[in-house]
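Chain by chain, the residues:
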Amino acid sequence: MPDPVPAALAGSSVTLRGVRKEFPGGVVAIDPMDLDVAAGEFLAILGPSGCGKSTLLRMISGLERPTAGTVEVHRPSTTGHAGRFDIAYVFQDAHLLPWRTVLSNAAMPLELRGIGRAERQARAADALANVGLGDALARYPNQLSGGMRMRVSLARAMVTDPTLLLLDEPFAALDEITRQRLDEQLRELWQARRMTVIFVTHSTTEAVFLADRAVVMSKRPGRIISDRAVALAPARVGALRGTADFVHETRIVYEALERGEASA
Amino acid sequence: MKAFLQRWGTAYGPPLVVLIVGTLLLEAYVRWTHVPIYLAPRPSDVILTLHRERAYLLAASWSTAKAALVGFGLSAGVGVAIALALASSAWVRRAFYPYTVFFQTVPIIAIAPMLSIWLAPGLKAVAACAFIVSVFPVIANTLAGLIATDPALVDLFRLYGASRTAAMLKLRFPAALPNVFIGLRVAAGLAVIGTVVAEFLVGELGEEQGLGVVIVGASHNGHSDRVFAAVLLASALGLTMFGAVNLVARRVLRNWHASART
Ligand SMILES: Nc1ncnc2c1ncn2[C@@H]1O[C@H](COP(=O)(O)OP(=O)(O)O)[C@@H](O)[C@H]1O
Ligand SMILES: [Mg+2]
């Protein structure tokens, strides 16, 4: 496990005010939306497909501009060590570079930030060890399973020690067992680092297991129709999934999701 | 060793069988129908000629190989450079891409004599023809690869503040390599064809006489055996270059998913 980072250093807060996104051609992906994400919070976003979840993440990351309204990401007051970069993004597929080794893939963000070879390799090896890939550094992506590739992708995101980690249905393509193991690993990473996490998923059980707060969006144009804290203790282990509390929480989120599907 | 022989046999067995059977059938046909030598040679005559005139034919092959290699090298270098330039901006691409099609459509028969006037007859003019004939597939395939980069990775590079140059060198160009090799494979064969055609048209003016010159001379004199010997050597040259590109491609792309290595 990495050294715990002081809470003040760990997470960015995010503020959306009146955010609206209309694509050329007239598709309104997001209706005016307000959202506050506290520093160090683990937030799950759910909603029917096509409701604007990816668009929302892209606007928070700065890859996409809102048509109206403001998106603000506030860094923690104290800036971290050199090479610390605020935002990391994990996509549904691993999107690794096939011509690079696992180590070199994970080190890529640091390379782009101009960090020297020795330091970036050490940090990438660390990040890979944290997701259980310490012994696969020299392998190439085509020699890995889907779950391992996704873990390289996660290590690549964590290597910059981000203050805001955005994940867009990251484990959706994996089998159930692999997905649960990765969920557990992600939760552990968050517990150690306390970066802010915004996690988009289709799965209510995944949202409830991972997050401390779940936001459910309606069909397009996406609006928030449910926003509530997940009433579970912060320590999340595999056995939690069988408990009555867990099933209850999942049920509530599921009902909100159903209302979202039904809304016109 | 046994496994190796087996793999080798699976790969090269069928075409070898086709070659041997086809040659024998042709030999039988030409013998039985008494086709005169100026119309079509017996395969055995071609083989005998290949042996008898080996010094002359090898020298001609070497001359053709040099021009084809220079033309192919130019196609690879210039073609990739042009594709990189075209991929640098949508405006540049729209403005210049139509003109690269010129390479595809230029009638080499008309342009070869001009080239041998501008560049002086010989290797330079012939290699220039090989280049013109073979560069377009390199440009078109490389460009297709450069503009088809995985959008998620493009986003990731943007997110990490990569410069355009860094994105080109560390992402877009390496990601386009499978396409570059598709272009180079096509170009390898075209470079040989371009060379032989150019020699055919202007080759006899140069100091060295390539296979194209051998073909013109032999066909004027009714030596169809020599014509076919030269044609076989030109094909062998094309195949060798194609195979060499394949070898390099397999080596460079060895860590990619199998679908990228075809
Ligand atoms: N670049 C774009 N141009 C036009 N329409 C888009 C673009 N990106 C997304 N959309 C549309 O916006 C809506 C929301 O998309 P997205 O955010 O990807 O949904 P989700 O991630 O929730 O499935 C969809 O209807 C989609 O077709
Ligand atoms: Mg999406």
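Here the structure is a predicted model, which means the values were calculated and not measured.

How each quantity is defined
- Residues numbered from 1 in each chain as written.
- Chains lettered and ligands numbered in written order.
- Predicted model: local features only at pLDDT ≥ 70, side-chain atom pairs only at ≥ 80, totals over all residues.
- Heavy atoms only, no water.
- Domains from an automatic or database assignment.
- Contact = heavy atoms within 4.5 Å.
- Buried area = accessible area lost by both parts, 1.4 Å probe.
- Salt bridge = Lys/Arg side-chain N within 4 Å of Asp/Glu carboxyl O.
- Polar contact = N/O pair within 3.5 Å; in protein donor to acceptor, adjacent residues only side chain to side chain.
- Helix = DSSP H or I, 4+ residues; strand = E, 2+ residues; numbered from the N terminus.
- Nonpolar A, V, L, I, M, F, W, Y, C, P; charged D, E, K, R; others polar.
- Patch = residues over 30% accessible without salt bridge, like charges linked within 9 Å, V, L, I, M, F, W, Y side chains within 5 Å.
- Areas by Shrake-Rupley, 256 points an atom, 1.4 Å probe, with all protein chains shown as cover.
- Near = heavy atom within 4 Å.
- Phe/Tyr/Trp six-rings, centres within 6.5 Å; stacked < 30°, edge-to-face > 60°.
- Buried < 20%, exposed > 50% of the residue type's maximum accessible area, 1.4 Å probe, protein only.
- Lys NZ or Arg CZ within 6 Å of the ring centre and 35° of its normal.

## A few points about the domain arrangement of chain A
All names here are of chain A. The domain boundaries assigned to chain A delineate domain 1 (7–86 + 164–262) and domain 2 (97–161). Just the C-alpha atoms count here: the centres of domain 1 and domain 2 sit 24 Å apart. Contact with domain 1, which involves 17 residues of that partner, is made by 16 residues of domain 2. Roughly 1,500 Å² of surface becomes buried between domain 1 and domain 2 when both sides are summed, with 64% attributable to carbon and sulfur atoms. Taken together, the connections running from domain 1 to domain 2 amount to one salt bridge. Where R193 meets D161, a salt bridge forms, and the shortest distance between an N and an O atom there is 2.9 Å. Put simply, domain 1 and domain 2 have two residue pairs in polar contact (both at pLDDT 80 or more) between them. When residues of the side of domain 1 that touches domain 2 are assigned to their parent elements, the largest contribution, six residues, is made by helix 6 (residues 176–193). Looking at side-chain class alone, the side of domain 1 that touches domain 2 contains 11 nonpolar, four polar and two charged residues.

## Comments concerning the interface of chain B and chain A
Residue-level contacts link 21 residues of chain B with 25 residues of chain A. For the pair chain B and chain A, the summed buried surface comes to about 2,000 Å²; carbon and sulfur atoms form 65% of the total. If you sort the residues of chain B by the area they bury against chain A, L159, Y160 and N255 of chain B come out on top, with a joint share of 39%. Viewed at the interface, chain A and chain B are joined by two salt bridges.

## Thoughts on a nonpolar patch on the surface
Residues M1, F4, L5, W8, Y12, L16, L19, I20 and L24 of chain B make up a contiguous nonpolar surface patch of roughly 1,000 Å² in combined accessible area. Within the element layout of this structure, W8 of chain B appears in helix 1 (residues 2–33).

## Structural notes on the site of ligand 1
All names here are of chain A. Neighbouring ligand 1 are F23, V27, A29, S49, G50, C51, G52, K53, S54, T55 and R220. For ligand 1, an oxygen atom lies 2.6 Å from a polar atom in the side chain of S54. In the environment of ligand 1, an oxygen atom lies 2.8 Å from a nitrogen or oxygen atom belonging to the side chain of R220. Protein contacts shield 62% of the accessible area of ligand 1, which totals 570 Å² for the unbound molecule. When residues in the shell around ligand 1 are grouped by element, the largest group, three residues, is from helix 2 (residues 53–61).

## Examining the domain arrangement of chain B
All names here are of chain B. Structurally, chain B comprises domain 1 (1–34) and domain 2 (41–260). Computed over C-alpha atoms, the centres of domain 1 and domain 2 are 29 Å apart. Taken together, both faces of the contact between domain 1 and domain 2 bury some 410 Å²; the carbon and sulfur share is 63%. Of all residues in domain 1, E27, V30 and R31 give up the largest surface area on contact with domain 2, accounting jointly for 78% of the area buried on that side. Summed over the shared surface of domain 1 and domain 2, the result is zero salt bridges. Scanning the region where domain 1 abuts domain 2 turns up one residue pair in polar contact (both at pLDDT 80 or more). Residue composition of the side of domain 1 that touches domain 2, by class: two nonpolar, one polar and two charged.

## Here we look at the packing of aromatic side chains
Residues and elements named next belong to chain A. The tally for this structure, following the rule as stated, stands at six aromatic pairs over all chains. With a centroid separation of 4.9 Å and an interplanar angle of 20°, the aromatic rings of Y89 and F91 are classed as stacked. With respect to class, Y89 is no different from F91; both count as buried. Feature note: the residues F42, F171, W190 and F199 constitute an aromatic cluster, connected by ring pairs. The ring of W190 is capped by R194, whose NZ or CZ atom sits 4.3 Å from the centre of that ring. When the ring centre of F209 is taken as origin, the NZ or CZ atom of R241, which lies over that ring, is 3.9 Å away.

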